[in-house]
Amino acid sequence: MKVIFSRTLLPSMIITILSLLLTGWLIVQAESNWIMVIAVLIVQFMIISILFIQFYNRYTRPIGKATKTVDRLIEGNYSARFYNGNSPEMEELSVKVNTLARNMSEIAIQEQMQSEQLTTIVDNMQSGLVLIDEKGYVHVVNRKFLEMFGEEESNYRGHLYYDVFENENVHETVQKTFLYEETVKKSFVHREGLNKIYVEVVGAPIFNERNMLKGAVLVLYDITELKKLEKMRKDFVANVSHELRTPITSIRGFAETLLDNNITDPATKEFMEIIYKESHRLQLLIEDLLALSRLEREDFRLLIDNYDVRQMVEEILPQLHQKAENKNLTFDLEVPDQLTMRADKDRMKQVLINLIDNSIHYTPSGGDICLAISEETDVIHFQVKDSGIGMDEKSQTRVFERFYRVDKARSRNTGGTGLGLAIVKHIVEVHKGKIDVESTLNQGTTIHIYIPK
Ligand SMILES: Nc1ncnc2c1ncn2[C@@H]1O[C@H](COP(=O)(O)OP(=O)(O)OP(=O)(O)O)[C@@H](O)[C@H]1O
Ligand SMILES: [Mg+2]
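Residues numbered from 1 in each chain as written. Chains lettered and ligands numbered in written order. Predicted model: local features only at pLDDT ≥ 70, side-chain atom pairs only at ≥ 80, totals over all residues. Heavy atoms only, no water.

### Brief notes about the overall build of the protein
Here is step 1: Along the backbone of the protein there are 13 helices and 12 strands.
Here is step 2: Here the C-alpha atoms of the protein give a radius of gyration of 44 Å, more than 25% beyond the 22 Å that 2.2 N^0.38 yields for 453 residues.
Here is step 3: Scored against the burial criterion, the 453 residues of the protein give a buried share of 34%.
Here is step 4: When contacts within the protein are restricted to residue pairs at least 6 apart in sequence, those whose partners lie at least 24 apart make up 57%.
Here is step 5: Of the roughly 28,500 Å² that the protein leaves accessible, carbon and sulfur atoms contribute 56%.
Here is step 6: In the protein, 53 side chains carry a positive charge and 64 a negative one; their mean positions are 5 Å apart. (Helix = DSSP H or I, 4+ residues; strand = E, 2+ residues; numbered from the N terminus. Rg over C-alpha atoms; globule rule 2.2 N^0.38 Å. Buried < 20%, exposed > 50% of the residue type's maximum accessible area, 1.4 Å probe, protein only. Contact = heavy atoms within 4.5 Å. Areas by Shrake-Rupley, 256 points an atom, 1.4 Å probe, with all protein chains shown as cover. Lys, Arg positive; Asp, Glu negative; His and termini not counted. Charge placed at Lys NZ, Arg CZ, Asp CG, Glu CD.)

### Section: the site of ligand 1
Here is step 1: In the vicinity of ligand 1, 19 residues are found, and the nearest of them are Asn-358, Asp-386, Thr-417, Gly-420 and Leu-421.
Here is step 2: Within the side chain of Asp-386, one N or O atom sits 2.9 Å away from a nitrogen atom of ligand 1.
Here is step 3: Here Gly-420 contributes a backbone N or O atom positioned 2.8 Å from an oxygen atom of ligand 1.
Here is step 4: Contact with the protein chains hides 93% of the accessible area of ligand 1, taken as 590 Å² for the molecule alone.
Here is step 5: Classifying every residue of the shell around ligand 1 by side-chain character gives 8 nonpolar, 8 polar and 3 charged. (Near = heavy atom within 4 Å. Polar contact = N/O pair within 3.5 Å; in protein donor to acceptor, adjacent residues only side chain to side chain. Nonpolar A, V, L, I, M, F, W, Y, C, P; charged D, E, K, R; others polar.)

### So, the pattern of salt bridges
Here is step 1: The final tally for this structure, using the stated rule, is 21 salt bridges.
Here is step 2: Residues Lys-214 and Glu-134 are paired through a salt bridge, measuring 3.4 Å at the closest nitrogen-oxygen approach. Remark: Glu-134 occurs in the loop between β1 (128-133) and β2 (138-141) and Lys-214 occurs in strand β5 (residues 213-222); sequence separation between them is 80 residues.
Here is step 3: According to the relative accessible area criterion, Lys-214 is partly exposed, its value standing at 38%.
Here is step 4: Looking at Glu-134, the relative accessible area reads 38%, which means it is partly exposed.
Here is step 5: Ionic pairing is found between Glu-278 and Arg-281, a salt bridge with its closest N-O pair at 3.5 Å. Placement of both Glu-278 and Arg-281 in helix α8 (residues 266-296) is noted, with a separation of 3 residues, approximately one turn of the helix.
Here is step 6: What you see here is one network of salt bridges that share partners, running through Glu-172, Lys-176 and Lys-186. (Salt bridge = Lys/Arg side-chain N within 4 Å of Asp/Glu carboxyl O.)

### Some thoughts on the packing of aromatic side chains
Here is step 1: In total, this model carries 8 aromatic pairs according to the counting rule given.
Here is step 2: For the ring pair Tyr-161 and Tyr-162, a centre distance of 5.2 Å and an interplane angle of 75 degrees mean the geometry is edge-to-face.
Here is step 3: Ring geometry for Tyr-161 against Phe-165: centres 6.5 Å apart, planes inclined by 45 degrees, an arrangement best described as tilted.
Here is step 4: Its relative accessible area of 5% is what places Phe-165 among the buried residues.
Here is step 5: Feature note: the residues Phe-145, Phe-149, Tyr-156, Tyr-161, Tyr-162, Phe-165 and Phe-178 constitute an aromatic cluster, connected by ring pairs. (Phe/Tyr/Trp six-rings, centres within 6.5 Å; stacked < 30°, edge-to-face > 60°.)

### A closer look at a nonpolar patch on the surface
Here is step 1: A contiguous nonpolar patch, built from Leu-10, Ile-14, Ile-17, Leu-18 and Leu-21 and spanning about 460 Å² of accessible area, is present on the exposed surface.
Here is step 2: Tracing the backbone shows Leu-18 in helix α1 (residues 10-30).
Here is step 3: By relative accessible area, which is 53% here, Leu-18 ends up exposed. (Patch = residues over 30% accessible without salt bridge, like charges linked within 9 Å, V, L, I, M, F, W, Y side chains within 5 Å.)

### With respect to the pairing of β5
Here is step 1: Where β1 lies against β5, 6 bridges are found, and the strand directions are antiparallel. Of the residues in β5, the one forming a bridge with Gly-128 is Leu-220.
Here is step 2: With 9 bridges joining them, strand β4 (residues 197-207) and β5 adopt antiparallel strand pairing. Bridging from a neighbouring strand, Phe-207 pairs with Leu-213 of β5.
Here is step 3: Between the end of β4 and the start of β5, which pair antiparallel, lie 5 residues, with Asn-211 showing a positive phi angle near 65 degrees. (Pairing = 2+ DSSP bridges.)

### Points about the sheet that holds β5
Here is step 1: Read from one edge to the other, the open sheet built from 5 strands follows the order β2-β1-β5-β4-β3, with strand pairing classed as antiparallel. Of all strands in the sheet, those bounded by a partner on one side alone are β2 and β3 (184-190). Neighbour-to-neighbour, the strand axes of this sheet turn through a mean angle of 20 degrees, independent of strand direction.
Here is step 2: When β3 meets β4, the two strands line up antiparallel, connected through 7 bridges. Paired with Lys-185 across the strands is Val-202, a residue of β4. (Axes fitted to C-alpha atoms, helices over the stretch in contact; angles between N-to-C directions.)

### Looking at the domain arrangement of the protein
Here is step 1: What the domain assignment lists for the protein is domain 1 (10-107), domain 2 (125-222), domain 3 (227-296) and domain 4 (304-452).
Here is step 2: Each of domain 1 and domain 2 has a C-alpha centre, and these two points are 62 Å apart. (Domains from an automatic or database assignment.)

### So, the nonpolar core
Here is step 1: Judged by nonpolar contacts, the single largest core of 47 residues is most densely connected at Ile-373, Phe-382 and Ile-449.
Here is step 2: In terms of residue count, the dominant contributor to this core is helix α9 (residues 309-326) (7 residues).
Here is step 3: When we break this core down by domain, the ones giving at least three residues each are domain 3 (227-296) and domain 4 (304-452).
Here is step 4: Leaving out residues up to four positions away in the same chain, Ile-449 has contacts with Val-351, Leu-355, Ile-380, His-381, Phe-382, Val-424, Val-428, Lys-434 and Ile-435.
Here is step 5: The next biggest cluster of nonpolar side chains, apart from the first, holds 22 residues, and it includes Ile-132, Met-148, Tyr-161 and Leu-218. (Core = buried A, V, L, I, M, F, W, Y, C linked by side-chain atoms within 4.5 Å.)

### With respect to the UniProt feature "domain: PAS" (unreviewed entry) in the protein
Here is step 1: The sites that carry the UniProt feature "domain: PAS" (unreviewed entry) are, in the present numbering, residues 114-187.
Here is step 2: Secondary structure across residues 114-187 divides into 47% helix and 19% strand, with the first and last C-alpha atoms of the span separated by 33 Å. (UniProt positions renumbered as here; feature names shortened; annotations may be inferred.)

### Notes on the sheet that holds strand β10 (residues 379-386)
Here is step 1: Here we have 5 strands laid out as an open sheet, ordered β7-β9-β10-β12-β11, and mixed in their pairing. At either margin of the open sheet sits one strand with a lone partner, and together these are β7 (330-334) and β11 (434-440). Geometrically, the sheet is characterised by an average inter-axis angle of 10 degrees between neighbouring strands, direction not taken into account.
Here is step 2: Sheet topology note: the strand β9 (residues 368-375)/β10 ladder contains 7 bridges and is antiparallel. Pairing of Ala-372 across the sheet is with Gln-383, part of β10.
Here is step 3: Together, β7, β9 and β10 form the strand contacts of α9, whose direction differs from that of β7 by roughly 175 degrees.
Here is step 4: Where helix α13 (residues 420-430) meets the sheet, its contacts fall on β11 and β12 (444-452), and the angle it forms with β11 comes to roughly 140 degrees.

This is the structure in structure tokens:
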């Protein structure tokens, strides 16, 4: 009812009602004059038709045009416009549809600009980039990635990653990123010979605001230059250490010989002793540097074999027992009788000697040291415990760095070089194991090593 009596329809309604009243009145007057009745009905029909046409022109036709314009906007043609001023309502509608079209057109232009900027950034990145959705479909691969791994963009985009990534390292990184839902890193050599490149791939999971996995992004860095520099550094250290080895052995040897020759002058004797002690220290440093260089060589291989753990421990015990006894330390052993493990025996000995050596060095007289070995589900667990000086939390995160020593002055006195734990960590990692340090200042330290079975 409200619609019928609205301002626009009211004149038409009044005209219709008046003409119906007039028609009724004329029909009553005409009684049996059929010609008159027909004439009145014709006039009546004409009036209603005119009203209908007017209504059609003012409302129905413009709505049809508006609908067509909206259809074109839906199709993405944001330049579509329409105007109709036949009625205030239609004028308002056309202004609003046009404003909407203009806004959409601006949004589309902005979106296109942003997408172009993003494509430019992604394609000009110096690292490879891949975007994969949660179902495993590849959405983005950038130019650098195509340069590294060849093929056309269309061979990747829209395909499942496991169908298109031929490189097993990339493949594995995506798999692990999805499986563990955490950042996964891996370095590998891609292509051999002259085209050889070193790549580091980092896979990171993408989560939505509800913390659900939405996909993964891979970034691939070309680290060939870095590797070259690293190799130069390693070669330099290895060569220098090697060159220093012979002269320092001579210096130490001659110093030892001279000391044996009953030197009478106390000053000369003292200086000779310093030469002997320092050359010994230098020799240990050189041996450690060479050990690290050997471990870092690309062609380094472990000599993996099955062996009895207890027997291995017994082979290193005499020298360590002696050192512990000299410092008046109790040395406990908790090693199961029948335990075999698969590892490089000599390297594992090196690990234990280094750790127990540290415990002896950093535990004051009268303290306790313990080597405990146990078999766990997937690993053999080694623990080297002591009741020594311990270290603070900051040092615990740094002790595996080369040349790091908690108390430089004290370590120098004990003759350490700061390479022992770096070597230990390296050996554990080439065995695919893990190393952890647990320590409390002035209470003691426990180093845990887990070697996979
Ligand atoms: N059991 C321990 N208790 C307390 N501090 C320790 C212990 N083991 C290592 N540290 C600290 O960590 C540092 C690094 O140890 P690392 O074995 O690498 O070097 P180092 O013992 O000084 O020399 P070397 O290369 O001769 O072993 C040590 O200087 C010492 O400060
Ligand atoms: Mg040490």
